[in-house]
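Next come the chains, spelled out residue by residue.
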Amino acid sequence: MVKKLLVSAVMALPLFAGVHRLTLHKALDMLDSKNIEIKVSKYNETMKAYDEVAVDGMNYGKATISIQALRSNDAGNVFGFKLQSREATFADFGFSQFLAPMGQVLEAMNKYPGKLPPGFTQDMGSILEIQPDDLNYPDARNHFLTKLTYQIPLYTGGKITEYKKITHELYEMSQLDTRKLRNEKIFQVKKAFYDITLVQSYIHNLKRIRHNMLKLKRTIVEMKKEGYTKKTDVLEIDARLAKVDSMLNQAKLNRTLAYQFLSFLLDTKVDSIKNVSLRVRMPKVTKADIEKLSIDILKAKKGLDITEHAIEAEKANFKPMVGAFGEYGSADDHLWNDFGKKDFYTVGVQVQMNIFNGGSDYAKLEKARVNHMKVAMQVELAKKGIALQVQKLQTAIKSLEFDIQSQQTQLKLARAIYKTYEEKYKVGLASITDVLIKQSIELQVLLKYLQVANKHNEKVFELEKILDLGGRV
């Protein structure tokens, strides 16, 4: 039983294993198919595309088929049912109660030719006052009505056309939203790769420093045996080693968090990556590139196009609306009985034009025009704002490049000074405290260098994100 469990556990290991030595190229390729937020955004694109199809469908009209099953003893309904089924007879008007009294009057008139018979006026009045039971109290009747109706707009003043253009612009804007989201995720993936690389560089340097400190400790112990060092020297080096170990553990935890975030972005467990170069070059950007590549500017321009179509759509309220319709059906007291014999049709055209509504349409048109002017100003503001943002990033990146060069020089110097004091300590020209102080300075300069490099890379990636350049590695 134990063997079976061990075999099952070994076979299950690959299921939980993550990606090893993942390259940045591969990670960016995985992003489109794996990142959940990008998938959601693409679904939104699809919905916007269907909005455009729905509006375009209005040009082709609407056909509906309906089947009604009714039963009623209401006099008006029953007579209407028979009439629509083409079954109405004189009997339905109550002629069975009208003909007998009328025959008596005619017989009396025959007996007195050339003059009115006695009681004629009263008899005619009584005949006209008869309330026929067949008409007023009909038997309940079933009624099945099948009807096909088709309605189509012939002319809408361009309103449907403009709405279609608006939905198409909204669809393209949703694509820009996806591109913007994708740039954000590319920014996060790149930053995660460089963060991991920087942390691993930091861990490598900490291990190197720890290795040197262990060598120094062995030297101190040997010198102590000969009486050349103090007991406190060993305690000081142990305390410094403990601090380096703490820093090393913290760096490893930070690396684990970075891997967890990268795994979340790619919706795939990532165990290790292939380190990237710590030096990232700033892309060259012109003013024309900013207007051409900035997603925010492109979205603002799309918004301006939408307001233009909205103005044209409001103008349609001042134009006539023309529509046509056709109707075909059949009715009977049995479903689809004698359909062709009892069928009917109706066709027609309707023209409608609003001539007065208190100025509401005019106010809506003016509002659309004002909104267009507002969005036009927002487009100009976006152009200038993005250009300023790019300039600020370029300035910050150049400044950080000088800082990196400075920190590299200081790191070389700090390492050289530490090495010198280590040698001085061995010959008794410096105390262990002096050595550890110089080693602490080396650590501080190393950390400062890595922080500046990380900040520099982040600014470059931010510039790429703004200008839709993040896909480049």
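Conventions used here
- Residues numbered from 1 in each chain as written.
- Predicted model: local features only at pLDDT ≥ 70, side-chain atom pairs only at ≥ 80, totals over all residues.
- Heavy atoms only, no water.
- Helix = DSSP H or I, 4+ residues; strand = E, 2+ residues; numbered from the N terminus.
- Buried < 20%, exposed > 50% of the residue type's maximum accessible area, 1.4 Å probe, protein only.
- Axes fitted to C-alpha atoms, helices over the stretch in contact; angles between N-to-C directions.
- Parallel < 35°, antiparallel > 145°, perpendicular 65-115°, else oblique.
- Contact = heavy atoms within 4.5 Å.
- Nonpolar A, V, L, I, M, F, W, Y, C, P; charged D, E, K, R; others polar.
- Phe/Tyr/Trp six-rings, centres within 6.5 Å; stacked < 30°, edge-to-face > 60°.
- Lys NZ or Arg CZ within 6 Å of the ring centre and 35° of its normal.
- Patch = residues over 30% accessible without salt bridge, like charges linked within 9 Å, V, L, I, M, F, W, Y side chains within 5 Å.
- Areas by Shrake-Rupley, 256 points an atom, 1.4 Å probe, with all protein chains shown as cover.
- Salt bridge = Lys/Arg side-chain N within 4 Å of Asp/Glu carboxyl O.
- Core = buried A, V, L, I, M, F, W, Y, C linked by side-chain atoms within 4.5 Å.
- Expected span 1.5 Å × (residues − 1).
- Arc of directions from axis to C-beta.
- Polar contact = N/O pair within 3.5 Å; in protein donor to acceptor, adjacent residues only side chain to side chain.
- 1 Å grid on protein atoms, 1.4 Å probe; cavity = no way out; pocket = protein on both sides within 12 Å on 5 of 7 lines; lining within 4 Å.
- Points joined across faces, edges and corners; volume = space filled by probe spheres on them.
- Pairing = 2+ DSSP bridges.

The next thing to look at is the overall build of the protein. A tally of helices and strands in the protein yields 13 helices and 4 strands. Looking at the protein residue by residue over its 473 residues, the buried ones come to 34%.

All right, on to unusual backbone geometry then. Phi is positive for arginine 86, close to 60°, though the residue is something other than glycine. Secondary-structure assignment places arginine 86 in the loop between helix 4 (75-84) and helix 5 (95-111).

Once that is clear, we can look at the packing of helix 11 (residues 295-315) against helix 12 (residues 360-426). Direction vectors running N to C along helix 11 and helix 12 enclose 170°, while the axes themselves pass 9 Å from each other. It follows that helix 11 is roughly antiparallel to helix 12 by the angle criterion. Here helix 11 contributes Asp296, Ile297, Ala300, Lys301, Gly303, Leu304, Thr307, Glu308, Ala310, Ile311, Glu314 and Lys315 to the contact with helix 12, which in turn contributes Lys364, Leu365, Ala368, Arg369, Asn371, His372, Val375, Ala376, Val379, Ala382, Lys383 and Ile386. Here the residues of the contact of helix 11 with helix 12 sort into 12 nonpolar, 4 polar and 8 charged.

Applying the stated criterion to the full structure yields 3 aromatic pairs. Between lysine 424 and the ring centre of tyrosine 421, over which it is positioned, the NZ or CZ distance is 4.9 Å.

Together, Ile65, Leu148, Tyr328, Tyr345 and Val347 line one region of the surface with nonpolar side chains, adding up to about 580 Å² of accessible area. In this fold, leucine 148 is placed in strand 2 (residues 141-155).

With 42 residues, the main nonpolar core has Val189, Phe193, Leu262 and Leu266 as its most contacted residues. Among the secondary structure elements, those contributing two or more residues to this core are helix 2 (24-34), helix 8 (159-225), helix 9 (231-266), helix 11, helix 12 and helix 13 (432-466). Ranked by residues supplied to this core, first place goes to helix 12 with 8 residues. Among all residues touching leucine 262, those that are not within four sequence positions of it are Val189, Ala192, Phe193, Ile196, Val270 and Ile273.

Once that is clear, we can look at helix 3 (residues 36-57). Compared with the 32 Å implied by 1.5 Å per residue over 22 residues, the 32 Å span of helix 3 between its first and last C-alpha is a close match. Buried within helix 3 we find Ile38, Ser41, Glu45, Glu52, Val55 and Asp56. Projection of helix 3 onto a plane perpendicular to its axis shows the buried side chains occupying an angular sector of 105°, all on one side. Residues Ile36, Val40, Tyr43, Met47, Tyr50, Val53 and Ala54 are exposed on helix 3 and point more than 90 degrees away from its buried face. Residues of helix 3 that are buried in the fold lie against helix 2 and helix 8. Here helix 3 starts with a cap whose side-chain oxygen sits 3.1 Å from the backbone nitrogen of glutamate 37, and that cap is asparagine 35.

Moving on: the layout of surface pockets. There is about 270 Å³ of room inside the second largest pocket. Around the second largest pocket sit Asp195, Leu198, Val199, Tyr202, Met247, Gln250, Ala251, Asn254, Leu447, Leu450, Gln451 and Asn454, which together line it. Elements supplying a minimum of two residues to the lining of the second largest pocket: helix 8, helix 9 and helix 13.

The pairing of strand 1 (residues 62-72) with strand 2 spans 11 bridges and is antiparallel. Pairing of serine 72 across the sheet is with arginine 141, part of strand 2. Where strand 2 meets strand 3 (residues 321-332), 11 bridges bridge the pair, whose relative direction is antiparallel. When the bridges of strand 3 are listed, threonine 149 appears paired with glutamate 327.

Sheet architecture is open: 4 strands sit in the order 1-2-3-4, paired in antiparallel fashion. The open sheet terminates on both sides in strands that have one partner only, identified here as strand 1 and strand 4 (343-352). Geometrically, the sheet is characterised by an average inter-axis angle of 20° between neighbouring strands, direction not taken into account. Sheet strands in contact with helix 4 are strand 1, strand 2, strand 3 and strand 4, and its direction is about 65° off that of strand 2.

The next thing to look at is the side chain of asparagine 317. Inspection of the secondary structure assignment puts asparagine 317 in the loop between helix 11 and strand 3. Beyond its immediate chain neighbours, meaning those up to four positions away, asparagine 317 contacts Lys159, Asn354 and Asp361.

Our focus in this paragraph is the packing of helix 8 against helix 13. Running from N to C, helix 8 and helix 13 point in directions that differ by 170°, and their axes come no closer than 10 Å. Judged by the angle between their axes, helix 8 and helix 13 are roughly antiparallel.

Counted under the stated rule, the structure contains 26 salt bridges. With its nearest N and O atoms 2.7 Å apart, the salt bridge here joins aspartate 32 to arginine 182. Taken together, the positions of aspartate 32 in helix 2 and arginine 182 in helix 8 put the pair 150 residues apart, joining distant regions of the chain. Residue aspartate 32 is classed as partly exposed on the basis of its relative accessible area, which comes to 25%. Put simply, glutamate 37 and lysine 185 hold a salt bridge, and the shortest N to O gap is 2.8 Å. Highlighted residues: glutamate 37 in helix 3 and lysine 185 in helix 8, separated in sequence by 148 residues. By sharing partners, the salt bridges in this structure join Glu87, Arg141, Asp332 and Lys342 into a single network.

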